[in-house]
Amino acid sequence: MRDPYEGEVPKAIKQLLLSKGGSENLDIFLDMFEQARYISFLNCWHLGDSESAAMWDLYGRSDRSIAIKSTVGDLADALIENNNFPFTFGEVSYMDYKSGLYELDDESLNTIEEKIINRKGMNAKQMLHIKRDSFRHEKEGRVQIQFISLIAQDYEEIQEMKDYQLPFGLKPSENVGFGGFVPDKSGFNVDIEIDDLINEIYIAPDAPDWVVSSIKSTLANRTDLDLGFTDVIQSELYDPPRE
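Residues numbered from 1 in each chain as written. Predicted model: local features only at pLDDT ≥ 70, side-chain atom pairs only at ≥ 80, totals over all residues. Heavy atoms only, no water.

1. Here's the deal with the sheet that holds strand 1 (residues 40-46)
Working step 1: Spatially, the three strands line up as an open sheet ordered 1-8-3, and their pairing is antiparallel. Each of the sheet's edge strands pairs with one partner strand only, and the pair in question is strand 1 and strand 3 (87-91). Neighbour-to-neighbour, the strand axes of this sheet turn through a mean angle of 25°, independent of strand direction. (Pairing = 2+ DSSP bridges. Helix = DSSP H or I, 4+ residues; strand = E, 2+ residues; numbered from the N terminus. Axes fitted to C-alpha atoms, helices over the stretch in contact; angles between N-to-C directions.)

Laid out in structure tokens, this is it:
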């Protein structure tokens with residue numbers, strides 16, 4: 001992750017933990033969250049009803065880029081069809097990471113109340129659905145797989161997990177089963193029903209005509225995709241206004 005604060009605990013949450021149970025309570029939560037980070041894997045999406053110029057500029061820098069349009073429900077169906085991984089989906093909330101508990105704006109306070117505090121106590125899993133205000137433009141949603149059964153009871157065990165290597169000669173790019181081990185930090189693939197996932201495909205707004213034609217022809221010939229020419233659309237983001 002480019003953001004150095006990704007996966008860090010905001011100052012206000014640390015202060016809240018201290019107020020509720022002292023330094024011991026804070027240490028327990030930080031240890032638990034440290035473990036959760038090493039057994040959690042994320043797949044990130046932009047949530048919106050329209051295209052985002054910022055997303056094209058950040059992640060579609062080539063004039064040959066494409067974007068997949070789907071829905072949360074279709075994404076869930078496409079994942080669940082062929083996998084027994086414990087998937088969850090959550091919308092990322094954005095907050096002030098540097099201010100203290102009593103200096104926070106109302107929106108950051110609401111984020112803590114909605115994401116982190118619940119009737120059972122503090123929710124370390126939801127910490128992976130919080131980012132700094134500076135990334136609010138991403139409007140991010142995340143699929144999370146957390147190998148919760150493998151959270152270590154002893155903090156020393158999690159130190160060993162940091163150096164974990166895939167067994168049996170598996171490569172990180174190969175699909176792996178939910179069978180008692182955690183993939184390494186470079187991630188892993190899962191099977192997906194691609195036809196259930198994709199509603200439409202958008203081509204970069206500055207793509208030349210030949211790229212648009214090539215992509216449309218290629219996708220139209222795919223027997224595993226129920227996509228026609230009208231489902232493959234060149235973005236009109238930078239087209240001049242029409243009268």
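2. Things to note about the confidence of the model for the protein chain
Working step 1: For the protein chain, the average pLDDT comes to 79, and 80% of its residues sit at 70 or higher.
Working step 2: Within the protein chain, the lowest mean pLDDT, 47, falls on helix 5 (residues 155-161), and the highest, 94, falls on strand 2 (residues 66-69).
Working step 3: Across residues 152-159 the pLDDT falls below 50, and counting only partners more than four positions away or on other chains, this stretch makes nine contacts in the model.
Working step 4: Scored below 50 in pLDDT, residues 164-180 makes 35 contacts in the model with residues more than four places away or belonging to other chains. (pLDDT = per-residue confidence, 0-100. Contact = heavy atoms within 4.5 Å.)

3. A closer look at the nonpolar core
Working step 1: Core analysis: the largest hydrophobic core is formed by 24 residues, its most contacted members being F87, I198, I203, A207, I215 and L219.
Working step 2: Of all the elements in the fold, those that place two or more residues in this core are helix 3 (72-80), strand 8 (140-146), strand 9 (200-203) and helix 7 (209-220).
Working step 3: Examining the composition of this core, we find that four residues originate from one element, helix 7, more than from any other.
Working step 4: Sequence-distant contacts of I203, defined by excluding residues within four places in its chain, comprise W56, S65, I66, V212, I215, V232, I233, Q234 and S235.
Working step 5: F29, M95, Y97 and L101 belong to the second-largest nonpolar core, a separate cluster that totals 17 residues. (Core = buried A, V, L, I, M, F, W, Y, C linked by side-chain atoms within 4.5 Å. Buried < 20%, exposed > 50% of the residue type's maximum accessible area, 1.4 Å probe, protein only.)

4. Quick notes on the pairing of strand 8
Working step 1: Among the seven residues in strand 8, seven count as buried, and that is most of the element.
Working step 2: As defined by bridge partners, strand 1 adjoins strand 8 across seven bridges and the pair is classed as antiparallel. Counted as the bridge partner of N43 is V143 from strand 8.
Working step 3: Across five bridges, strand 3 lies against strand 8 in antiparallel orientation. The residue of strand 8 that forms the bridge with F87 is I145.

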